[in-house]
Amino acid sequence: MPGALSAGLWGLLGGSALVLGAGIAWFVALPQRLIAAIMAIGAGVLISAVAFDLMDEAYARGGFDSTASGFLAGAAAYTLANVLISRRGARHRKRSGTNPDASQQGADQGSGLAIAVGALLDGIPESVVIGTSLLGGKGVSLVTLAAVFLSNVPEGLSSAAGMKRAGRSPAYVFGVWGGIALASGMAAPLGYATLAGASPDLLAGVTAVAAGAILAMLVDTMIPEATEATHDYSGLIAVLGFLIAFVLTKLGG
């Protein structure tokens, strides 16, 4: 299978979690603690992915300078963009609904576009990394893919729940999230194609940018969500997620 096509399919799989989350919100009422536990596992997986997959790989390719500058740039870019779109109603796009009033307010204010922009802000760097992980004939990073999938589920879930309360139709809700999933899928082969043959420093910088953005998102959204409903056990659950991802990384290596 051509590398770009493979990257696209893996990217689409990661993005499809948005549609899965939207479907859960539309058809099923899950216990809040279960959702928060999934978030805690996802947080642990993401920390492992950032540390052992993304940052380690970036350092091996480009050394400290490219890795450090990309890492800080990714975190700064995410934070700035997140502040801007949060002010337009997408603050709770990765929350699973523990604050219904906030979700209702965001949806009632017509925040669908802001939420979509926020989803793209999160998803495109993640999908690009999925694509670049295939460069050099390597298989996709299963840890990174799992982290992307787990972080996308609550995003689709919380936003679709708010849209449903605001009276949006199923066609609108699933059209929005299906389109964003496709865009995330397209970002993976684009990253694969444009960065094939790129210098090690550039690849290191791109990987580190994604790592910085993901870690900033993790602290900003996933950890607060996980601890809100499973406070006593969130640390242990996150450690379990980290351990699973760590083992997968070492077995894959």
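Residues numbered from 1 in each chain as written. Predicted model: local features only at pLDDT ≥ 70, side-chain atom pairs only at ≥ 80, totals over all residues. Heavy atoms only, no water.

## Describing the packing of helix α1 (residues 3–27) against helix α6 (residues 170–195)
- Their axes nearest at 7 Å, the elements α1 and α6 cross at an angle of 160°. Taken together, the axis directions place α1 and α6 in an arrangement best described as roughly antiparallel. At the point where α1 passes α6, the crossing takes the right-handed sense.
- The residue inventory of the contact of α1 with α6, partitioned by class, reads 18 nonpolar, nine polar and no charged. (Axes fitted to C-alpha atoms, helices over the stretch in contact; angles between N-to-C directions. Helix = DSSP H or I, 4+ residues; strand = E, 2+ residues; numbered from the N terminus. Parallel < 35°, antiparallel > 145°, perpendicular 65-115°, else oblique. Left-handed = near helix turned anticlockwise from the far one by under 90°. Nonpolar A, V, L, I, M, F, W, Y, C, P; charged D, E, K, R; others polar.)

## A short note on α6
- Its 26 residues place the ends of α6 37 Å apart at the C-alpha level, agreeing with the 38 Å of an ideal helix rising 1.5 Å per residue.
- G197, located one to two residues past α6, shows a positive phi value of around 85°. (Expected span 1.5 Å × (residues − 1).)

## Structural notes on the nonpolar core
- Ranked by size, the top nonpolar core spans 24 residues in total, and within it L46, L54 and M222 carry the most contacts.
- Elements supplying a minimum of two residues to this core: α2 (32–90), α5 (142–165), α7 (200–229) and α8 (234–252).
- The biggest single contributor to this core is α2, with ten residues.
- Ranked by size, the runner-up nonpolar core spans 15 residues in total, among them A17, I24, L157 and A160. (Core = buried A, V, L, I, M, F, W, Y, C linked by side-chain atoms within 4.5 Å. Buried < 20%, exposed > 50% of the residue type's maximum accessible area, 1.4 Å probe, protein only.)

## Things to note about the pattern of salt bridges
- Summed over the entire model, instances satisfying the criterion amount to one salt bridge.
- When the shortest N-O distance is used, the salt bridge between E57 and R61 registers 3.0 Å. One end of the pair, E57, and the other, R61, are both in helix α2, four residues apart, so they sit about a helical turn from each other. (Salt bridge = Lys/Arg side-chain N within 4 Å of Asp/Glu carboxyl O.)

## Looking at the UniProt feature "transmembrane region" (unreviewed entry) in the protein chain
- UniProt records the feature "transmembrane region" (unreviewed entry) for residues 6–27, 34–55, 67–85, 171–190, 202–221 and 233–252 in the present numbering.
- Between the C-alpha atoms that bound residues 67–85 the distance is 27 Å, and the span itself is 100% helix and 0% strand. (UniProt positions renumbered as here; feature names shortened; annotations may be inferred.)

## Details of a nonpolar patch on the surface
- Judged by side-chain polarity, F27, V28, L30, L34 and I38 come together as a nonpolar surface patch covering roughly 450 Å² of accessible area.
- Looking at the secondary structure, you find V28 in the loop between α1 and α2. (Patch = residues over 30% accessible without salt bridge, like charges linked within 9 Å, V, L, I, M, F, W, Y side chains within 5 Å. Areas by Shrake-Rupley, 256 points an atom, 1.4 Å probe, with all protein chains shown as cover.)

## Thoughts on the environment of A68
- Following the sequence through the fold, A68 ends up in helix α2.
- A68 gets classed as partly exposed once you look at its relative accessible area, which sits at 39%.
- Through-space distance from the C-alpha of A68 to that of A204 is 9.5 Å; in sequence the pair is 136 residues apart.

## Here's the deal with α1
- For α1, spanning 25 residues, the distance from its first C-alpha to its last is 36 Å, which sits close to the expected 36 Å at 1.5 Å a residue.
- Maximum bend of α1: about 25°, positioned at G14. (Bend = angle between axes of the 7 residues up to and from the residue.)

## Here's the deal with the packing of aromatic side chains
- Tallied over the entire structure, the rule returns six aromatic pairs.
- Ring geometry for F52 and F246: centres 5.1 Å apart, planes at 65°, overall edge-to-face. Of this pair, F52 sits in helix α2 while F246 sits in helix α8, and the two are 194 residues apart along the sequence.
- Measuring from ring centre to ring centre gives 4.7 Å for Y59 and F64, while their planes differ by 50°; the resulting arrangement is tilted.
- What makes Y59 partly exposed here is its relative accessible area of 42%.
- Of the aromatic side chains, those joined through ring pairs into one cluster are W26, F27 and F174. (Phe/Tyr/Trp six-rings, centres within 6.5 Å; stacked < 30°, edge-to-face > 60°.)

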